Amino acid sequence: RVLSKMIRLQIAGCFLILLITISFANAQPRYTETVAALQVRYHNEMQAHFNYMAYAHKAKSENYPNMSHLFVSFAASEFIHARNFKQVLSDLGVQVEEVAKPRIKVSSTKANLKDGIDFELADIDQRYPQLLERIKPENHEAAIRFMTYAWETEKQHRAILQKIQSGTGIFFGQLAKRIEETSIQYFVCLVCGGAYIELPKDICPICKVPISQFKEVERTK
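Residues numbered from 1 in each chain as written. Predicted model: local features only at pLDDT ≥ 70, side-chain atom pairs only at ≥ 80, totals over all residues. Heavy atoms only, no water.

All of the buried residues along helix α6 (residues 172-180) are Phe172, Leu175, Ala176 and Ile179. All buried residues of α6 fall inside an arc of 95° around its axis, so they share one side. When the buried face of α6 is taken as reference, the exposed residues oriented beyond 90 degrees from it are Gly173, Gln174 and Lys177. (Buried < 20%, exposed > 50% of the residue type's maximum accessible area, 1.4 Å probe, protein only. Helix = DSSP H or I, 4+ residues; strand = E, 2+ residues; numbered from the N terminus. Arc of directions from axis to C-beta.)

This next bit is on the layout of surface pockets. Of the pockets and cavities examined, the second largest pocket occupies roughly 220 Å³. Secondary structure elements with two or more residues in the lining of the second largest pocket: α2 (32-61), α3 (65-91) and β3 (214-216). For the lining of the second largest pocket, the element with the highest residue contribution is α3, accounting for 4 residues. Counted by class, the lining of the second largest pocket contains 8 nonpolar, 2 polar and 4 charged residues. (1 Å grid on protein atoms, 1.4 Å probe; cavity = no way out; pocket = protein on both sides within 12 Å on 5 of 7 lines; lining within 4 Å. Points joined across faces, edges and corners; volume = space filled by probe spheres on them. Nonpolar A, V, L, I, M, F, W, Y, C, P; charged D, E, K, R; others polar.)

Here we come to the confidence of the model for the protein. Overall, the predicted model of the protein reaches an average pLDDT of 82, with 81% of residues at or above 70. Note on residues 5-27: pLDDT under 50 across the span, and 4 contacts to partners over four residues away in sequence or across chains. (pLDDT = per-residue confidence, 0-100. Contact = heavy atoms within 4.5 Å.)

Attention shifts here to the pattern of salt bridges. Scanning the entire structure with this criterion turns up 10 salt bridges. Salt-bridge contacts for Glu33 lead to Arg134; the nearest nitrogen and oxygen are separated by 2.7 Å. Of this pair, Glu33 sits in helix α2 while Arg134 is found in helix α4 (residues 109-135), placing the two residues 101 residues apart along the sequence. Residue classification places Glu33 among the partly exposed positions, given a relative accessible area of 33%. Glu141 is the partner of Arg145 in a salt bridge, and the nearest nitrogen-oxygen pair spans 2.5 Å. Within this pair, Arg145 and its partner Glu141 are both found in helix α5 (residues 141-165), separated by 4 residues, close to a single helical turn. Among the residues examined, Arg145 registers a relative accessible area of 27% and is labelled partly exposed. What emerges from the salt-bridge pattern is a single network uniting Arg41, Glu45, Asp123 and Arg127. (Salt bridge = Lys/Arg side-chain N within 4 Å of Asp/Glu carboxyl O.)

The backbone phi angle of Asn63 is positive, close to 70°, even though this residue is not glycine. Structurally, Asn63 is set in the loop between α2 and α3. Positioned with a positive phi, Asn139 is a non-glycine residue whose angle comes to about 60°. Accessibility expressed as a relative area gives 57% for Asn139, which makes it exposed.

Evaluation of the coordinates by the stated rule reveals 6 aromatic pairs. With centroids separated by 6.1 Å and ring planes inclined at 25°, the aromatic side chains of Tyr52 and Phe71 adopt a geometry described as stacked. Here Phe71 lies in helix α3 and Tyr52 lies in helix α2, a separation of 19 residues in the sequence. On the accessibility criterion, Tyr52 (3% relative accessible area) is buried. What links up through ring pairs into an aromatic cluster is the set Tyr52, Tyr55, Phe71 and Phe74. (Phe/Tyr/Trp six-rings, centres within 6.5 Å; stacked < 30°, edge-to-face > 60°.)

A few words now on the sheet that holds strand β1 (residues 187-189). Across a sheet, paired strands are connected by hydrogen bonds in the backbone, their directions being either parallel or antiparallel. Read across the sheet, 3 strands follow the order β2-β1-β3 without closing on themselves; strand pairing throughout is antiparallel. The sheet terminates laterally at β2 (195-196) and β3, the two strands that pair on one side only. Pairing of β1 with β3, which is carried by 3 bridges, proceeds in the antiparallel orientation. The residue bridging Cys189 from the neighbouring strand is Phe214, located in β3. Across the face of the sheet, α3 comes into contact with β1 and β2 while running at roughly 5° to β1. (Pairing = 2+ DSSP bridges. Axes fitted to C-alpha atoms, helices over the stretch in contact; angles between N-to-C directions.)

Taking 1.5 Å of rise per residue, the 30 residues of α2 would be expected to cover 44 Å, and the 44 Å separating its terminal C-alpha atoms lies within 8% of that figure. The first or second residue beyond α2 is Asn63, which carries a positive phi of 70°. (Expected span 1.5 Å × (residues − 1).)

It is worth spelling out the side chain of Glu138 at this point. Topologically, Glu138 is positioned in the loop between α4 and α5. For the buried residue Glu138, which engages in no salt bridge, the nearest side chain bearing the opposite charge is Arg134, 8.0 Å off. Here the side chain of Glu138 touches Thr32 through a polar contact of 3.2 Å, landing on its backbone nitrogen. In this structure Glu138 touches Arg30, Tyr31, Thr32, Glu33 and Thr34, once residues within four positions along its chain are discounted. (Lys, Arg positive; Asp, Glu negative; His and termini not counted. Polar contact = N/O pair within 3.5 Å; in protein donor to acceptor, adjacent residues only side chain to side chain.)

Next comes the structure, spelled out in structure tokens:
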């Protein structure tokens, strides 16, 4: 009887694994565009994370600690976006390979600011809206939600980035001095990646989670 029970449990376990495998196999063809978009964004967000961390170290070495802190806050947001996209892919049964830290071309802080601004504004105005249009017909709720969170987070940076953009030319010295004279704290929502200079009163304006889900961004050491 014990042996028979063990055999029945083994059969049941194999059947469950088969059902899960079939479910994953069926999930991917249903979400072809969604999977492709998530894979692209996962790698791009990890690339952005590594870029910003490299820019942060460079800024600190050039004695711009506050600009370094700004880069770190952006890096934290990008990492949360990447984590969310990876989780959705995993839930769809897609094996996600870790992104190896790439070789990053690091220039002066002035040039790094310009590169970061160009990339962020392209995300806001082009890449995210285009990808959302591609995946909406497949109606994968989690993918659409996290993609929207990431897009809304990037929009938060728009005002900061546009102000910085106006000072990355001949007025960079004045810009740097203004940033370095102001001590700013950054807080990041661990659910959506939303970044804030001040904690919201009750909930995250983007994903509506309580502020207990926020973490202050630490400065690089």
